[in-house]
Amino acid sequence: GSGVMGDIRLYVLDGLALSVGGMRAGYGLLDNKQGEMDAINARFIDSDPITPNNYLRLDGGYFNVTAFLGNKIMPGSRFNPYLRTSVMYFDWALHEDGRGSEVVTYQDRPIEGQNLGFGAGIGTEYRLNRRANLDLSLLWGYVLTGDEIEWEGLQSPINDSYYWTNTHFWNLSLGLVIGI
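Remember, predicted model here, so these are calculated numbers, not experimental data.

### Considerations on the overall build of the protein
Then, in step 1: A tally of helices and strands in the protein yields two helices and nine strands.
Then, in step 2: Along the chain direction, N to C, the helices and strands of the protein fall in the order β-β-α-β-α-β-β-β-β-β-β.
Then, in step 3: Here the protein holds 180 residues, and the buried ones make up 37% of them.
Then, in step 4: Here the analysis covers contacts within the protein between residues at least 6 apart in sequence; of these, 65% occur between residues at least 24 apart.
Then, in step 5: As displayed, the protein offers around 10,700 Å² of accessible surface, 58% of which is attributable to carbon and sulfur atoms.

Here it is as C-alpha cells:
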C-alpha cells in the first residue's frame, strides 16, 4: 500500500514529544487462503465478490507519544532513536477497484466504518543540521474494523475464523522534520 501523512510535533521534555496528525492511505488485498474465497464469495449474491483487486482505504488521524533515546544511549551522535505509541481514528472502506471506486457491499450494507486503532513502533531521526532532521520509522497498526454482528456470515467454512476482522498493518515512513 501507500499513502501520505503529516503531523505537528511538540517537544514537551528533553526526550519526549507529542504529535497530532493525519494520514490518507490504503492497500490492496492479498488472497492467501486458497480454496476458501469461493465459499465466502457465494454469499455476495447482489454484489461483487471480495478479490485481490479490492482496495482498503484507511484515512484518519492519530495522536503519538514519542520517547527519544538518543541522548541517553548515544550522546553526541547525529542519530536519535525512539519508541512510539499511537492512538488512531480511521474512516475506512473496502473499495471494488482502488480509491474512489464503489464500496463493496455485503447483505446490502457497505463494508465501511469509522473505528479506533492503536499502534507501536520504533524509529530514528538523523540530524541534517540545526533545524532539520531526517526521520525513518516503522509502526505496527491495529484498527478495530471487525464486527461479528455487522458482518455476520463472513466466516470461513473451514475453520470458522472471520474473513472480515480487525485490520493489522505495517507503516514504513521516511520524512523530514523541520524545527521552527
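### So, the pairing of strand β4 (residues 79-95)
Remember that side chains alternate between the two faces of the sheet whenever the strand is regular.
Then, in step 1: Relative to β4, strand β3 (residues 55-68) runs antiparallel, the two sharing 14 bridges. From the neighbouring strand, T66 faces β4, where its bridge partner is R84.
Then, in step 2: Relative to strand β7 (residues 112-129), β4 runs antiparallel, the two being bridged by 15 bridges. Across the sheet, V87 pairs through a bridge with F118, a residue of β7.

### Examining the sheet that holds β4
Then, in step 1: Spatially, the seven strands line up as an open sheet ordered β1-β2-β3-β4-β7-β8-β9, and their pairing is antiparallel. Looking at strand neighbours, the two that pair on one side only are β1 (2-13) and β9 (167-178), the edges of this open sheet. For this sheet, the mean angle separating the axes of adjacent strands, direction not counted, is 20 degrees.

### Structural notes on a nonpolar patch on the surface
Then, in step 1: On the surface, a cluster of nonpolar side chains totalling about 1,100 Å² of accessible area is made up of L83, I122, L128, L134, L136, L138, W170, L172, L174, L176 and I178.
Then, in step 2: Counting only elements with at least two residues in the nonpolar patch, the list comes to β7, β8 (132-143) and β9.
Then, in step 3: Of note, L136 is situated in strand β8.

### Quick notes on the nonpolar core
Then, in step 1: Counting residues in each nonpolar core, the largest one holds 15 residues, and the members touching the most others are L58, F90, L94, I111 and F169.
Then, in step 2: Listing elements by their share of this core, those giving two or more residues are β2 (16-28), β3 and β4.
Then, in step 3: Here the element with the most residues in this core is β4; it accounts for four residues.

### As for the pattern of salt bridges
Then, in step 1: Evaluated as defined, the whole model comprises five salt bridges.
Then, in step 2: Across the pair R57 and D59 runs a salt bridge, and its minimum N-O distance is 3.6 Å. D59 shares its class with R57; the two are buried.

Procedures and definitions
- Residues numbered from 1 in each chain as written.
- Predicted model: local features only at pLDDT ≥ 70, side-chain atom pairs only at ≥ 80, totals over all residues.
- Heavy atoms only, no water.
- Helix = DSSP H or I, 4+ residues; strand = E, 2+ residues; numbered from the N terminus.
- Buried < 20%, exposed > 50% of the residue type's maximum accessible area, 1.4 Å probe, protein only.
- Contact = heavy atoms within 4.5 Å.
- Areas by Shrake-Rupley, 256 points an atom, 1.4 Å probe, with all protein chains shown as cover.
- Pairing = 2+ DSSP bridges.
- Axes fitted to C-alpha atoms, helices over the stretch in contact; angles between N-to-C directions.
- Patch = residues over 30% accessible without salt bridge, like charges linked within 9 Å, V, L, I, M, F, W, Y side chains within 5 Å.
- Salt bridge = Lys/Arg side-chain N within 4 Å of Asp/Glu carboxyl O.
- Core = buried A, V, L, I, M, F, W, Y, C linked by side-chain atoms within 4.5 Å.

Such coordinate-based values are descriptive only and should not be taken to indicate function.
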